[in-house]
Every structure is written in C-alpha cells, then in structure tokens.
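A look at the structure
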Amino acid sequence: MRILPTTFVIKNKNELIDSKKVSKGMLKYSAPSNLSPQYANNIGDYNINFNGNFSHIITNKNEFKQLAKNGHLCCIWCGGSMFMQNELDMFKTISRRLASNSELFSRVMLHFKDYLPPERVKLIEQIKNYSKAYPNTNLKYVLNKMTPPAEKRLLNKQFFLLHNIKNLKSELPLELHKDLDILINHSIYRIKKIPYVSEYSAKEFYYQLNNLAKTLPLKEKEEILKTAQILTHPIFKEAESYLPEKWLKKVYQQAKINPKQKGNYISPYDNEAKDKLKIILLNKISQLATNNNNPSIVKLCDMTKNKILGVPALVQFSNKAFIYKLYEILENVQDKKIINKFENIINKFPTSLDSMDAFIVKYQNESTDTIITKMLEDSLVTLEHITPILRNTSDKEIKQLNKNLDKNSKIKRGTNNIDNWALAHGWCNFLHGSKNIKNVNFPFSKEAGKKYFKTLIQDVNEGSLSASSVINMAKNYFEQTGIKIKLTGMKYTKE
C-alpha cells in the first residue's frame with residue numbers, strides 16, 4: 001500500500017480547509033481523507049506532491065537518492081517504500097501534533113506502514129489496541145501502560161539467551177571460565193536493575209564515549225577523544241603500581257591538565273596513582289562535556305568513576321557493551337566453530353530495531369518527540385554500498401580474513417561510485433552492514449531485489465541511468481547475495 005503519492009483532501013462540514021505551507025518553497029502535506037471531521041479540524045490540510053523526473057543520466061549520490069521519491073524506487077533489501085529527508089521531517093511534524101490522541105496517531109501511522117520496519121508496524125498496532133482500552137489518552141500514557149508486559153517479555157528473552165551462552169562455557173579454555181561467569185552475572189544485575197560494583201573497561205568507555213561524542217563540534221570531539229585515549233594506554237595494565245614521572249608529565253600536557261591545580265597532583269610512587277589519574281582524566285572529559293552542554297557524556301563519566309572507585313551503581317544493560325566484552329573474552333580463541341556458536345546466540349539478542357519490546361523499554365522515559373523520531377528515522381532512504389566498502393577495515397585485515405576462505409567466499413572492498421550504489425532503508429542498511437549475506441545467509445527478500453532492478457531497467461530506458469552502471473550493480477548484487485538478476489528488456493545504447 002502506498003499513501004505518500006496521493007493528494008489527500010480533508011473536508012470540514014462540506015468546506016475545503018485551506019492548505020498550510022510548511023515553509024516557503026517547501027512541500028505541502030495532508031492527513032488521510034478518511035479521517036473523521038473532528039480529527040480533520042485538529043490536523044489541517046496537508047498536500048503531498050513529489051516529482052522525481054530527471055532530464056539527464058544520474059551520476060551523483062543526491063540525484064540517485066531522488067529515485068526513492070514518491071515510492072518510485074523501493075528498498076533493495078525488503079522492497080518497502082522509503083522516506084526522503086524532507087518527507088520524514090514533514091511526517092514527524094504531523095505525528096507530533098497527533099501524539100495527544102494515541103488512537104488517531106496509530107491510525108494515521110498505519111497508513112504509512114509500507115515505510116516502516118515490521119516491528120514498528122507491530123508496535124503501532126499495539127498502540128492502537130491499547131488506545132481502545134484507554135480512549136482519549138496521549139501516546140506517552142499508552143506507552144507507559146505497555147511497558148510492564150514489554151519488560152517481562154524482554155527479560156525472559158534476554159535471560160534465555162544468557163543461559164544459552166553460559167552453557168557454552170565448557171567449550172572454552174579453563175582460564176576463560178571465570179571471565180565469562182563474571183560477564184553473565186553482571187549482565188543479570190544490569191537487566192534486573194540491581195546496583196553492583198561494575199567492572200571497569202577503558203575500551204568499553206572509549207567505545208561508548210565515541211558514540212556520544214558524535215554530535216559535538218569536531219574540535220571539541222577530538223579534544224575529548226584525545227583525552228579519553230590515554231585511558232586505553234597499556235601502562236594501566238602493567239603490574240607496577242607507580243607511573244613514570246616523564247610519562248605522567250606528557251599526559252598532563254596532552255590532556256591540558258594543570259598538575260599544580262588542587263586535586264591534580266599525583267606522586268609517581270603513589271600506589272593508587274593509576275586510579276587517581278583515571279579519575280583526573282574523567283573529570284577533564286566531564287568538564288569539556290559540560291562546557292559543550294552534553295549531559296550524556298557527564299553521566300557516562302560519573303558512572304565510570306563509580307566503577308573505578310568500587311561504588312555499587314545501577315548500570316543499564318546494553319547489547320553492544322555485552323557483545324564488546326564477550327569478544328574481549330573470546331579474542332584469543334582460535335576455534336572458529338566455537339566462535340560461530342557464540343555469534344549465533346548473540347545475534348538473537350533483541351534490539352530496539354528488531355524488537356517491539358526492546359524499543360518500548362529503551363525509550364519509555366524519553367520525550368514524545370524523541371519517541372516519534374526513533375520510530376521513524378530508520379525508514380529514511382540511505383545510500384547503500386552493495387559490496388561493503390569496509391571503511392573501518394584495513395587492507396591488511398582483509399588479507400588476513402581471506403587466508404582461511406575459499407575463492408568464492410573471499411572478502412573484497414567495494415567501490416564508492418554509482419556502479420556499487422543502491423538505495424535501502426536505514427534499518428536494512430544497518431542489518432546488511434558488512435555481513436556475509438550470500439546464499440543461505442541471505443536474510444532479506446529475494447523478490448525485493450528483482451523488483452528493484454526491474455525499476456532500474458525502466459529508468460535506463462527512460463534515460464535516467466546508465467545501462468553499464470546497472471549491469472555492474474547487478475553483478476555486485478550477485479557476488480554479494482548469490483541471486484542472479486535478469487536485465488530483460490533493458491535498452492543498451494552507447495554511453
């Protein structure tokens with residue numbers, strides 16, 4: 001079902017309501033015409049029009065993304081329609097206005113279910129059902145009512161998976177058993193929301209900090225991460241308790257910390273020198289975050305200081321943090337079969353992307369605006385690289401990975417040009433990542449890919465795309481998925 005291409009009209013007592021411009025020169029938008037008059041009064045008339053015609057062959061990313069307009073080109077992986085950024089912004093505005101009435105909100109959102117991930121549709125259908133039990137209530141109220149049963153279902157799933165991971169302990173070397181037990185026990189504390197003396201990991205802190213710092217200006221982000229990087233220095237893991245004076249002086253210079261300032265002086269021979277330096281560095285990061293109005297980083301620093309000082313604290317369970325720690329434990333395990341067993345389980349951990357319950361629990365305390373944004377943002381059109389370009393993987397690492405793979409399974413780096421571009425939902429792009437999705441590992445819809453290329457053939461024949469580019473796209477698609485694409489009916493001309 002496609003709704004966006006339609007022009008919706010709302011009548012109020014047989015009179016047409018005047019359209020309201022979003023802003024000068026931007027799109028108008030409307031609510032569906034089947035809404036009752038009392039709802040129409042609250043929404044106004046919004047008229048959606050899109051035009052995706054091109055008078056030349058597309059060569060750049062922005063023009064290529066325009067093919068998603070009006071539902072013309074659907075997601076290569078799932079076949080669903082995708083929002084352009086301006087469409088998404090517009091729909092967020094409508095949704096915020098509707099959020100005061102959860103029943104109306106869910107009804108309008110379901111008109112656009114072709115644009116949403118399956119679990120988002122499931123969530124909205126649940127909101128609609130709850131709205132019948134709690135009529136004339138807002139979205140936040142209904143989500144709060146949905147939270148207790150969602151938490152119970154999520155807990156059961158998480159405990160089941162942790163139990164399965166614990167059962168694999170016997171297949172690991174004896175020296176790793178204690179580390180795995182600690183990780184499992186601490187994860188249970190996190191899930192049950194029990195305060196405990198949490199384990200400190202500089203790598204985990206840096207990973208979480210890097211994610212939170214993405215919204216900061218580049219200069220401030222670099223200063224924070226440069227300071228945090230000191231915490232990952234190997235010296236902190238050495239047996240000696242003291243810190244060399246020369247090294248300590250360099251740290252103060254790098255982090256721009258005045259050692260003469262109260263609380264910043266550390267004796268090189270202090271048995272607690274390492275922990276004291278960690279606290280000083282965290283205080284510096286917290287100060288920089290405060291100056292840049294980032295309370296999330298301040299909260300992370302406070303939580304990390306509690307870990308170092310051995311203070312019991314509540315720590316929220318995080319799939320990413322759990323997986324990161326598990327891989328730290330498994331990093332020296334050579335048996336690929338054992339690693340695969342662990343990976344098969346951790347890939348089943350519910351996330352806010354693929355689990356309605358995880359979404360409700362994660363965002364239960366967020367503002368209505370944030371909840372709506374999170375509901376919709378994964379439906380945005382993104383530029384997908386059919387063959388992943390592996391930005392974070394060096395050529396040396398690729399060579400190492402390919403050592404034990406056969407010819408047909410070898411990993412290669414994709415190109416960043418139109419021959420390797422595709423359009424996909426944000427969530428499908430994330431699910432693809434750089435994973436092996438060939439043949440039996442293919443997690444998406446085969447029909448979606450065929451439909452996608454059928455539309456591309458039409459675009460080639462209309463002069464919007466180069467035939468050679470689409471041929472190369474089909475080749476890359478086959479190499480990645482094992483699915484052959486027939487380009488029947490495509491006109492080949494000299495380009």
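Residue numbers restart at each chain and count upward from 1, following the sequence in its written direction. pLDDT decides what is reported in this predicted model: residues at 70 or higher carry local features, side-chain atom pairs at 80 or more are listed and counted, and totals for whole chains, interfaces and linings draw on all residues regardless. Heavy atoms throughout the structure, all of them, feed into the side-chain values; hydrogens and water do not.

**Structural notes on the overall build of the protein**
Put simply, the test is: By definition, any uninterrupted DSSP run of H or I lasting at least four residues is a helix, any uninterrupted run of E lasting at least two residues is a strand, and each is numbered from the N terminus. Note on definitions: a residue-residue contact is assigned when non-hydrogen atoms from the two residues lie within 4.5 Å. For the area figures, the Shrake-Rupley method with a 1.4 Å probe applies, and any residue is considered shielded solely by the protein chains shown.
Per the secondary structure count, the protein includes 20 helices and four strands. Counting contacts in the protein only where the partners sit at least 6 residues apart, residues at least 24 apart contribute 71% of the total. Summed over its atoms, the accessible surface of the protein is roughly 27,000 Å², and 50% of this surface lies on carbon and sulfur atoms.

**With respect to the confidence of the model for the protein**
Spelled out, the test is: What pLDDT expresses is the predictor's confidence in each residue, scored from 0 to 100.
When pLDDT is averaged along the protein, the result is 84, and 86% of the positions lie at 70 or above. Between residues 1-51, whose pLDDT stays under 50, and residues either more than four places distant or in other chains, the model counts 102 contacts.

**So, the pattern of salt bridges**
As a reminder of what qualifies: Salt bridge, as used here: a side-chain nitrogen of Lys or Arg that lies within 4 Å of a carboxyl oxygen of Asp or Glu. Only protein chains enter the accessibility calculation, which uses a 1.4 Å probe; a residue whose area is less than 20% of its type maximum is buried, one above 50% is exposed, and one in between is partly exposed.
In this structure the tally under the stated criterion is 18 salt bridges. The partner of Asp378 in a salt bridge is Arg120, with the nearest N and O atoms 2.7 Å apart. Here Asp378 is found in the loop between helix H16 (368-376) and strand E3 (381-385), whereas its partner Arg120 is found in helix H5 (residues 118-133), with 258 residues between them in sequence. In this pair, the class of Asp378 matches that of Arg120, namely buried. With its nearest N and O atoms 2.9 Å apart, the salt bridge here joins Lys325 to Glu204. In this pair, Lys325 sits in helix H13 (residues 319-330) while Glu204 sits in helix H8 (residues 202-212), placing the two residues 121 residues apart along the sequence.

**Thoughts on unusual backbone geometry**
The residue Asn70 is not glycine, and still its phi comes out positive at about 60 degrees. By relative accessible area, Asn70 is classed as partly exposed at 32%. For Asn136, which is not a glycine, the phi torsion comes out positive at approximately 60 degrees. With respect to the element layout, Asn136 can be found in the loop between H5 and helix H6 (139-166).

**Concerning the packing of H5 against helix H15 (residues 356-363)**
We count it as follows: Note on method: axes are straight lines fitted to C-alpha atoms, helices fitted across the in-contact stretch only, with angles between N-to-C directions ranging 0 to 180 degrees. To sort the angles, those under 35 degrees are grouped as roughly parallel, those over 145 as roughly antiparallel, those from 65 to 115 as roughly perpendicular, and the leftovers as oblique. Should the near helix be turned anticlockwise from the far one by less than a right angle, the crossing is termed left-handed; should it be turned clockwise, right-handed. Each residue gets one label: Ala, Val, Leu, Ile, Met, Phe, Trp, Tyr, Cys and Pro are nonpolar, Asp, Glu, Lys and Arg are charged, and the others, such as Gly, are polar.
Interhelical geometry of H5 versus H15 gives an angle of 70 degrees and a closest axis separation of 9 Å. In terms of axis orientation, H5 runs roughly perpendicular to H15. The crossing of H5 and H15 is right-handed. Together, Glu119, Arg120, Lys122, Leu123 and Gln126 of H5 and Met356, Phe359 and Ile360 of H15 make up the contact between the two elements. Split by residue class, the contact of H5 with H15 holds four nonpolar, one polar and three charged.

**Quick look at the pairing of E3**
For E3, the tally of buried residues reaches five of five residues, placing the bulk of the element in the interior. Of the two faces of E3, the one lined by Val381, Leu383 and His385 and the one lined by Thr382 and Glu384 are each fully buried.

**Quick word on helix H19 (residues 446-461)**
Residues that lie three or four places apart on an α-helix share one face, since the helix turns once every 3.6 residues. Our working definition: Helices are assigned an expected span. That span is 1.5 Å times one less than the residue count. Polar contacts, as counted here, are pairs of nitrogen or oxygen atoms within 3.5 Å of one another; within protein the pair requires one atom able to donate a hydrogen and one able to accept it, and residues that are adjacent in sequence qualify only if both atoms are side-chain atoms.
The end-to-end C-alpha separation of H19 is 23 Å, in line with the 22 Å expected for 16 residues at 1.5 Å each. Those residues of H19 lying buried are Ala448, Gly449, Tyr452, Phe453, Thr455, Leu456, Ile457, Asp459 and Val460. Residues of H19 that are buried make contact with helix H2 (61-65), strand E4 (421-425) and helix H20 (467-481). The distance from a side-chain oxygen at the start of H19 to the backbone nitrogen of Glu447 is 3.4 Å, and the residue carrying that oxygen is Ser445. Looking one or two places after H19, you find Gly463, whose phi comes out positive at around 90 degrees.

**Some remarks on the packing of aromatic side chains**
Counted only if it meets this: Each Phe, Tyr or Trp ring (for Trp, its six-membered ring) is paired with any other whose centre lies within 6.5 Å, and the angle between the two planes then decides the class: stacked below 30 degrees, edge-to-face above 60, tilted in between.
Counting across every chain of the model gives 21 aromatic pairs. Aromatic pair Phe64 and Trp421: ring centres 6.0 Å apart, planes at 45 degrees, arrangement tilted. Here Trp421 lies in strand E4 and Phe64 lies in helix H2, a separation of 357 residues in the sequence. When its relative accessible area of 0% is taken as the criterion, Phe64 is described as buried. Every member of this aromatic cluster is reached through a ring pair, and the members are Trp77, Phe442, Phe444, Tyr452, Phe453 and Tyr477.

**Section: the packing of helix H3 (residues 85-98) against H16**
In contact at an axis separation of 10 Å, H3 and H16 are set at 140 degrees when each is read in the N-to-C sense. The orientation of H3 with respect to H16, classified from their angle, is oblique. Crossing hand, H3 versus H16: right-handed. Residues Leu88, Phe91, Lys92, Ser95 and Arg96 of H3 lie in contact with H16, whose contacting residues are Asp369, Ile372, Thr373 and Leu376.

**Focus: the nonpolar core**
In globular proteins that are soluble, nonpolar side chains generally tend to be buried together. Where we set the bar: Throughout this description, the term nonpolar core refers to a set of buried Ala, Val, Leu, Ile, Met, Phe, Trp, Tyr and Cys residues connected via side-chain atoms within 4.5 Å.
In terms of nonpolar packing, the biggest core is built from 39 residues, with Phe64, Trp77, Leu423, Tyr452, Phe453, Leu465 and Tyr477 touching the most fellow members. At the level of elements, E3, E4, helix H18 (426-432), H19 and H20 are the ones that each hand at least two residues to this core. Residues Leu243, Leu282, Ala289 and Val298 belong to the second largest nonpolar core, which totals 37 residues.

**Comments concerning the side chain of Thr481**
Tracing the backbone through its elements, the reader meets Thr481 in helix H20. A polar contact is formed between the side chain of Thr481 and the backbone oxygen of Tyr477, at a distance of 2.6 Å. Within the structure, Thr481 has its side chain in polar contact with the backbone nitrogen of Ile483 (distance 3.0 Å). The contacts of Thr481, once residues within four sequence positions are left out, are Trp77, Ile437, Lys438, Asn439 and Phe442.

**As for the environment of Thr370**
Following the sequence through the fold, Thr370 ends up in helix H16. Through-space distance from the C-alpha of Thr370 to that of Arg96 is 10.0 Å; in sequence the pair is 274 residues apart.

**Overview of the environment of Gln334**
Along the chain, the position of Gln334 falls in the loop between H13 and helix H14 (336-346). Reaching out from Gln334, the side chain makes a polar contact with the backbone oxygen of Asn332 at a distance of 3.4 Å.

**Side note on helix H12 (residues 295-309)**
An ideal rise of 1.5 Å per residue puts 21 Å on 15 residues; H12 measures up with 21 Å between its terminal C-alpha atoms. On its buried face, H12 sits against helix H7 (177-192), H8, helix H9 (218-229) and helix H11 (273-291). Taken from the residues just after H12, Gly310 is the one with a positive phi, measuring 75 degrees.

**Remarks on the environment of Phe317**
Along the chain, the position of Phe317 falls in the loop between H12 and H13. A sequence separation of 131 residues divides Phe317 from His186, and the C-alpha atoms of the two residues are 9.2 Å apart.

**Quick word on the side chain of Glu204**
The class of Glu204 is buried, set by a relative accessible area of 2%. For Glu204, the contacting residues outside a window of four places in its chain are Arg190, Lys307, Ala321, Tyr324 and Lys325.

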